[in-house]
Amino acid sequence: MPQGGFGDLFELAHESILVRDMDGRLLSWNAASTQLYGWSEQDALGRSLDALFGDGANEIAPELLANGRWDGEIRRRNAAGADLVVEIRQSLRRGPDGQPVGIVEIGRDITAKLDAERALKAAERRYTNLFQAMAASFWELDFTPVGTMLRRLRKSGVDDYSQYFRDHPAFIREMMRVTRIVDVNDATVRLFAGGDRSLLTGSVEPYWPEAAGEVYAASVVAAVSGAPSYSTETTLRRADGSEFQALFTAAFPSESVDQGALLIGVIDISERKRAQAAERRLQDEFAHSARISMLGELTASIAHEVNQPLAAIATNGSASLRWLSRSPPDTDRCAVLTERIVADAQRAADIIGRIRGMASNQPTAVEALSINALVRETAIFLQPELAAHDVMLTVATAAGLEPVRGDRTQLQQVFANLLINGAQAMSQARCAERRLVVRTGMNLAGHVQVTVEDTGPGLAPEHLERLFESFFTTKASGMGMGLAICRSIVERHGGGVTAGNGPQGGAVFTIVLPVDEAA
Ligand code: ADP
């Protein structure tokens, strides 16, 4: 313990204070040193720093010798063997002859502070990595000026922001103009600025097209009303002026809102939108082709319906001929019958009109088609139905297939029919294994060929001849029109369809279509 009046101070100090000689031997050691390093004063005094803190602890910084003072951070081991980081200030003591005799050192444990700083840095790094690496576009915005605008608005007596924004679109624009871009990630630069980061400075206003104003307003309302986040689909604009469909999400953690900071995320969903539109188109086409195929079914009931007015017309016609041949002719009765004839003829015409209406949007668009794509589309579309029959479908498409020329909807209907027939045959026969394989390829004659195989009971040899005839069916509720329609469609495309059995016994339908010469 140092002598004199400093003794109390020395012991009361919160910081470790120790004195050592030039060899590192400890001459003084206060209570705070014991607290910091774990050794008692008795343990420490007379021993060297090396012995306590590990090799190298005796070393003296050249700066200390040169200037008489040194401070910095040192790593030391404590009595329990744990590593500490200590912030040290050292001062050199000299003897009467001016020679250094010892060092006084004050130390403060900063391990926890460093750990906290490191954790903070790691969190920041993780955040930055996340911010940068996310595939989605992220924006950090400063909307402090918007806060000011809103407070001013409130002071002037406006308490319904939504209503005010609706009535003042220019105010929304102004809010956008004062919302500053603080930082954006790489995905944002790619999505919005074609890779040029310098375009993404200043205000967010250029990226919000007129139509998206409502969304911006709604997100401001959500933020000020304390909602944790706001998300919606909207149209946004790129720096080059092109617009795209986006999923926009703004998060409002209260701490950042208080500081005027806002994090928004944008995902480009135009691809998804396009895919959805394509899917809808496909479904429409199928719905339509289903209607067309229903025509077969309708033919029977139409014949029946039309037959009735026709028979009535014939009956009434011959009756009126009889009344006319009387003398004098009974024109009154003839008039009544003729009215009935007109009404019946009208009824028949109405029925025909209805049918024509159903078939009228029959697609006739002939185009170059990829059979592979067409088969795959059909497979995707039928997937739920096949799954319901426990049928596993494999589509094996050959590479380098030439396009064919034809009507997409009609050809899809052919494949859909064959697949459904196969699925029905397997499920009716309660087959344990239910597999459908569609294979595309080119045959030796240079035509596009598609085979549809199943693992069902196959086709009875005596039926092979008649399969493609209209109304040939072995099903209780069958129409017998499916294969007939398939054949007529394929033949209209200049191709042919044949049926047979595979080596395993299942049915195999083979369709051959000529390649598109124009392509
Ligand atoms: P429908 O399905 O209304 O009977 P189709 O013309 O589609 O009319 O088929 C005619 C008949 O051909 C079916 O009733 C069935 O007997 C037979 N058939 C068609 N496809 C298969 C198949 N994959 N396996 C076994 N039989 C089939």
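Residues numbered from 1 in each chain as written. Predicted model: local features only at pLDDT ≥ 70, side-chain atom pairs only at ≥ 80, totals over all residues. Heavy atoms only, no water.

### Focus: the pattern of salt bridges
Part 1 of the argument: Per the stated rule, a full pass over the model turns up 19 salt bridges.
Part 2 of the argument: Glu205 is the partner of Arg173 in a salt bridge, and the nearest nitrogen-oxygen pair spans 2.6 Å. Of this pair, Arg173 sits in helix H9 (residues 169–178) while Glu205 sits in the loop between helix H10 (186–193) and helix H11 (213–224), and the two are 32 residues apart along the sequence.
Part 3 of the argument: Owing to a relative accessible area of 12%, Arg173 belongs among the buried residues under this scheme.
Part 4 of the argument: The class of Glu205 is buried, set by a relative accessible area of 18%.
Part 5 of the argument: Residue Arg408 pairs with Glu377 through a salt bridge whose shortest N-O separation is 3.2 Å. Taken together, the positions of Arg408 in helix H16 (residues 408–428) and Glu377 in helix H15 (residues 371–388) put the pair 31 residues apart, joining distant regions of the chain.
Part 6 of the argument: Three or more residues are tied together by salt bridges with common partners; here these are Glu15, Glu87, Arg89 and Arg108. (Salt bridge = Lys/Arg side-chain N within 4 Å of Asp/Glu carboxyl O. Helix = DSSP H or I, 4+ residues; strand = E, 2+ residues; numbered from the N terminus. Buried < 20%, exposed > 50% of the residue type's maximum accessible area, 1.4 Å probe, protein only.)

### Remarks on the pairing of strand S16 (residues 496–501)
Part 1 of the argument: Of the strand pairs in this sheet, S16 and strand S17 (residues 507–513) are connected by 6 bridges, and their pairing is antiparallel. By the bridge assignment for S17, Val497 is matched with Ile511.
Part 2 of the argument: Counting the residues in the hairpin turn of S16 and S17 gives 5 residues, including Gly505, whose phi is positive at 105 degrees. (Pairing = 2+ DSSP bridges.)

### Some details on the UniProt feature "domain: PAC" (unreviewed entry) in the protein
Part 1 of the argument: When the UniProt feature table is mapped onto this chain numbering, "domain: PAC" (unreviewed entry) sits at residues 70–122.
Part 2 of the argument: Helix makes up 23% of residues 70–122 and strand 57%. Its end C-alpha atoms lie 30 Å apart. (UniProt positions renumbered as here; feature names shortened; annotations may be inferred.)

### So, the site of the ligand
Part 1 of the argument: Near the ligand lie 19 residues; those nearest to it are Asp454, Thr473, Thr474, Lys475 and Leu483.
Part 2 of the argument: Within the contact set of the ligand, an oxygen atom lies 2.4 Å away from a side-chain nitrogen or oxygen of Thr474.
Part 3 of the argument: Here Leu483 contributes a backbone N or O atom positioned 2.7 Å from an oxygen atom of the ligand.
Part 4 of the argument: Look at the ligand: alone it shows 530 Å² of surface, and the protein chains cover 92% of it.
Part 5 of the argument: Of all the secondary structure elements, the ones that give two or more residues to the shell around the ligand are H16, helix H18 (482–492) and S17.
Part 6 of the argument: Counting residues per element, the shell around the ligand draws most heavily on H16, at 3 residues. (Near = heavy atom within 4 Å. Polar contact = N/O pair within 3.5 Å; in protein donor to acceptor, adjacent residues only side chain to side chain. Areas by Shrake-Rupley, 256 points an atom, 1.4 Å probe, with all protein chains shown as cover.)

### Structural notes on H9
Part 1 of the argument: Regarding H9, the residues found buried are Phe171, Ile172, Arg173, Met175, Met176 and Val178.
Part 2 of the argument: Residues of H9 that are buried sit in contact with strand S6 (137–142), helix H7 (144–155), helix H8 (161–167), strand S7 (180–184) and H11. (Contact = heavy atoms within 4.5 Å.)

### Observations regarding the nonpolar core
Part 1 of the argument: Counting 43 residues, the largest nonpolar core has Trp139, Phe165, Met175, Phe192, Trp208 and Tyr216 as the members making the most contacts within it.
Part 2 of the argument: Here this core takes 6 residues from H11, the largest share from any one element.
Part 3 of the argument: Excluding residues within four positions of it along the chain, Phe165 makes contact with Leu150, Leu153, Phe171, Ile172, Met175, Ala217, Val220 and Val221.
Part 4 of the argument: Within the second largest apolar cluster, 42 residues are counted, among which are Val375, Leu382, Val414 and Leu467. (Core = buried A, V, L, I, M, F, W, Y, C linked by side-chain atoms within 4.5 Å.)

### Side note on the packing of H15 against H16
Part 1 of the argument: Between H15 and H16, the least distance of the axes is 9 Å, while the angle of their chain directions is 45 degrees. Considering their axes alone, H15 and H16 lie oblique with respect to each other. Classified by chirality, the crossing of H16 by H15 is right-handed. Contact residues: Ile371, Leu374, Val375, Glu377, Thr378, Leu382, Glu385 and Leu386 in H15; Arg408, Leu411, Gln412, Phe415, Ala416, Leu419, Ile420 and Ala423 in H16.
Part 2 of the argument: For the contact of H15 with H16, the class distribution of residues is 11 nonpolar, 2 polar and 3 charged. (Axes fitted to C-alpha atoms, helices over the stretch in contact; angles between N-to-C directions. Parallel < 35°, antiparallel > 145°, perpendicular 65-115°, else oblique. Left-handed = near helix turned anticlockwise from the far one by under 90°. Nonpolar A, V, L, I, M, F, W, Y, C, P; charged D, E, K, R; others polar.)

### What about the UniProt feature "domain: PAS" (unreviewed entry) in the protein?
Part 1 of the argument: If you check UniProt for "domain: PAS" (unreviewed entry), the listed places come out as residues 9–49 in our numbering.
Part 2 of the argument: Spanning residues 9–49, this segment combines 39% helix with 24% strand, and its end C-alpha atoms are found 23 Å apart.

### Some words on the packing of aromatic side chains
Part 1 of the argument: For the coordinates displayed, the defined rule picks out 14 aromatic pairs.
Part 2 of the argument: Geometrically, the ring pair formed by Tyr161 and Phe165 is stacked, given 6.0 Å between the ring centres and 10 degrees between the ring planes. With Tyr161 and Phe165 both in helix H8 and 4 residues apart, this pair spans about one turn of that helix.
Part 3 of the argument: Of the residues examined, Phe165 reaches a relative accessible area of 2% and is grouped as buried.
Part 4 of the argument: Over the face of the ring belonging to Trp323 we find Arg333, whose NZ or CZ atom lies 4.5 Å from the ring centre. (Phe/Tyr/Trp six-rings, centres within 6.5 Å; stacked < 30°, edge-to-face > 60°. Lys NZ or Arg CZ within 6 Å of the ring centre and 35° of its normal.)

### Some details on the sheet that holds strand S3 (residues 69–77)
Part 1 of the argument: Taken in spatial order, the 5 strands make up an open sheet running S2-S1-S5-S4-S3, and their pairing is antiparallel. Every interior strand has two partners, whereas the edge strands, strand S2 (26–29) and S3, have only one. Within the sheet, the average angular offset between the axes of one strand and its neighbour, ignoring direction, is 25 degrees.
Part 2 of the argument: Sheet topology note: the strand S1 (residues 16–21)/strand S5 (residues 100–109) ladder contains 6 bridges and is antiparallel. Residue pairing for S5: Asp21 is matched across the bridge by Gly102.

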